[in-house]
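Descriptive analysis of the structure
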Amino acid sequence: MKMKEGLSMNRNETRQVKIKNLELGHNSKVYIQSMCNIPTKQVKKVVEQILCLEKMGCEIIRVSCLDMEDAKAIAQIQKQIHIPLVADIHFDYKLALACIEAGADKIRLNPGNIGSKENVKKVVSACKEKGIPIRIGINSGSLEKDIHDKYGKPTAQGMIESAQRHISILEECDFYDTVLSFKSSDPLLCIEAYRLASQTFDYPLHLGVTEAGTTLTSAIKSSLALGTLLMEGIGNTIRISVNGAPEKEIPIVKELLKDCRLINRVPNLIACPTCGRTQWDMEPAVNEIEAYLQTIHKDITVAIMGCAVNGPGEAKHADIAIAGGKKEGLLIKRGQIIEKLKQEDIVNRLKKEIDLF
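Residues numbered from 1 in each chain as written. Predicted model: local features only at pLDDT ≥ 70, side-chain atom pairs only at ≥ 80, totals over all residues. Heavy atoms only, no water.

**What about the packing of aromatic side chains?**
Overall, the coordinates contain two aromatic pairs when judged by the stated rule. Between F182 and F201, the ring centres sit 6.2 Å apart and the planes meet at 10 degrees, which makes this aromatic pair stacked. Of this pair, F182 sits in strand 10 (residues 178-183) while F201 sits in the loop between helix 7 (187-200) and strand 11 (206-207), and the two are 19 residues apart along the sequence. For the pair formed by F182 and F201, the shared burial category is buried. (Phe/Tyr/Trp six-rings, centres within 6.5 Å; stacked < 30°, edge-to-face > 60°. Helix = DSSP H or I, 4+ residues; strand = E, 2+ residues; numbered from the N terminus. Buried < 20%, exposed > 50% of the residue type's maximum accessible area, 1.4 Å probe, protein only.)

**So, the nonpolar core**
Counting residues in hydrophobic clusters, the biggest one holds 85 residues, and the most contacted among them are I107 and F182. With residues up to four places along the chain from it excluded, the contact list for F182 reads I138, M159, I160, A163, C190, A193, Y194, A197, F201, L205 and G208. L293, L331, L341 and L350 belong to the second-largest nonpolar core, a separate cluster that totals 18 residues. (Core = buried A, V, L, I, M, F, W, Y, C linked by side-chain atoms within 4.5 Å. Contact = heavy atoms within 4.5 Å.)

**A closer look at the environment of K79**
Its place among the elements puts K79 in the loop between helix 2 (68-78) and strand 7 (85-88). K79 sits in the exposed class, given a relative accessible area of 73%. Residues K79 and G103, 24 residues apart in the sequence, show an inter-C-alpha distance of 9.6 Å.

**Structural notes on the layout of surface pockets**
Looking at the largest pocket, its volume works out to about 370 Å³. As for the largest pocket, its lining consists of 15 residues, of which P251, E255, L269, E290 and Q294 are closest to the centre. Secondary structure elements with two or more residues in the lining of the largest pocket: helix 9 (249-259), strand 13 (268-271) and helix 10 (282-293). A breakdown of the residues in the lining of the largest pocket according to their chemical character gives nine nonpolar, three polar and three charged. (1 Å grid on protein atoms, 1.4 Å probe; cavity = no way out; pocket = protein on both sides within 12 Å on 5 of 7 lines; lining within 4 Å. Points joined across faces, edges and corners; volume = space filled by probe spheres on them. Nonpolar A, V, L, I, M, F, W, Y, C, P; charged D, E, K, R; others polar.)

**A closer look at the sheet that holds strand 15 (residues 320-324)**
The strand order across the open sheet formed by five strands is 13-14-15-16-17, and the pairing between neighbours is mixed. Edge positions in the sheet fall to strand 13 and strand 17 (336-342), since each has one partner strand and no second. Averaged over all neighbouring strand pairs, the angle between strand axes comes to 20 degrees, with direction disregarded. Pairing of strand 13 with strand 14 (residues 301-305) involves four bridges; the strand directions are parallel. Across the sheet, residue N268 finds its bridge partner in strand 14, namely T301. Contacts from helix 10 reach strand 13 and strand 14, with the element oriented near 170 degrees to strand 14. (Pairing = 2+ DSSP bridges. Axes fitted to C-alpha atoms, helices over the stretch in contact; angles between N-to-C directions.)

**A short note on the environment of I191**
Among the structural elements, I191 can be located in helix 7. Judged by relative accessible area, which is 8%, I191 ranks as buried. Put simply, I191 and G227 are 36 residues apart on the chain and 9.6 Å apart in space, counted from C-alpha to C-alpha. Excluding residues within four positions of it along the chain, I191 makes contact with L224, A225, T228 and L229.

**Description of the pattern of salt bridges**
The full count for this structure, using the stated rule, is 21 salt bridges. In this structure, the salt-bridge partner of R165 is D146, at a minimum N-O distance of 2.4 Å. Placement of R165 in helix 6 (residues 156-172) and of D146 in helix 5 (residues 145-151) is noted, with a sequence separation of 19 residues between them. If you follow the salt bridges from partner to partner, you end up with K333, E339, R349 and E353 in one network. (Salt bridge = Lys/Arg side-chain N within 4 Å of Asp/Glu carboxyl O.)

What follows is the structure in structure tokens.
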């Protein structure tokens, strides 16, 4: 492993795989992914959702393809978005061919569940012609019956064995533009499986905890599993799955990558937990500024502190800060007190200072 410039850790070297204009693996970049939760055939709504995710920082988007109408919709969607699009396909190789023809930038499928090897060869041939990679996704909850029976439960070894079966089909077709994922709803199994995968294969790895639940449970499970792996140099793309709107996912994954020092131009918000010393209505201000910072792409640290005990100290190290008082707060820029603000003026003034930074 080599130390990459600007990062806080070593990154595992992998084979390089291109998806549209992005290079996965063999570099220090970890790309942010998400997935639409709208039927792909509803083109207008899907495009609106993708454009929103783009603005938030999503770099790769996946859509489901359940039928030919979904597959054909990809051509219309591609004309209106700016990031690589992945088509998610199961069981029907004809859908894969249709998605490739419609302009998908990457295919997510498992070669072992789309029929005969002849069908797989047709998909591989089309991917080769268009320069499209394939992601093989191994989920602990859907291992082949014989593998599950062999180990008695989902295990990292079983997940690797399943991947080897699928990979061998592609390699027999002389296809190596492959990305792998090893997802589980158990974060500790995720860690074990991805560690073993990084030792076994040289393909790029897409990180994720599947079926992670609500915003709270997903943030905790994903931070435990994926944060651990990222700090070990494992992973080339990442999705933090949250039940509901995919817009919930991007802030969590950006925060995780920022804290692992794998991305910059992401604001850092510092806010105290509040206590009996707090004498201004701080929580609404923190929530509004947090939401506002999701639209900002700057290396900026904003501190919002409740009182004069810790406030000035934290504020001194922030670019822009508020140290709260009694229904008021001191505006502090780069350690210098600028002025005293009334509570009702704090949020708007902070937004203005953030814009000017």
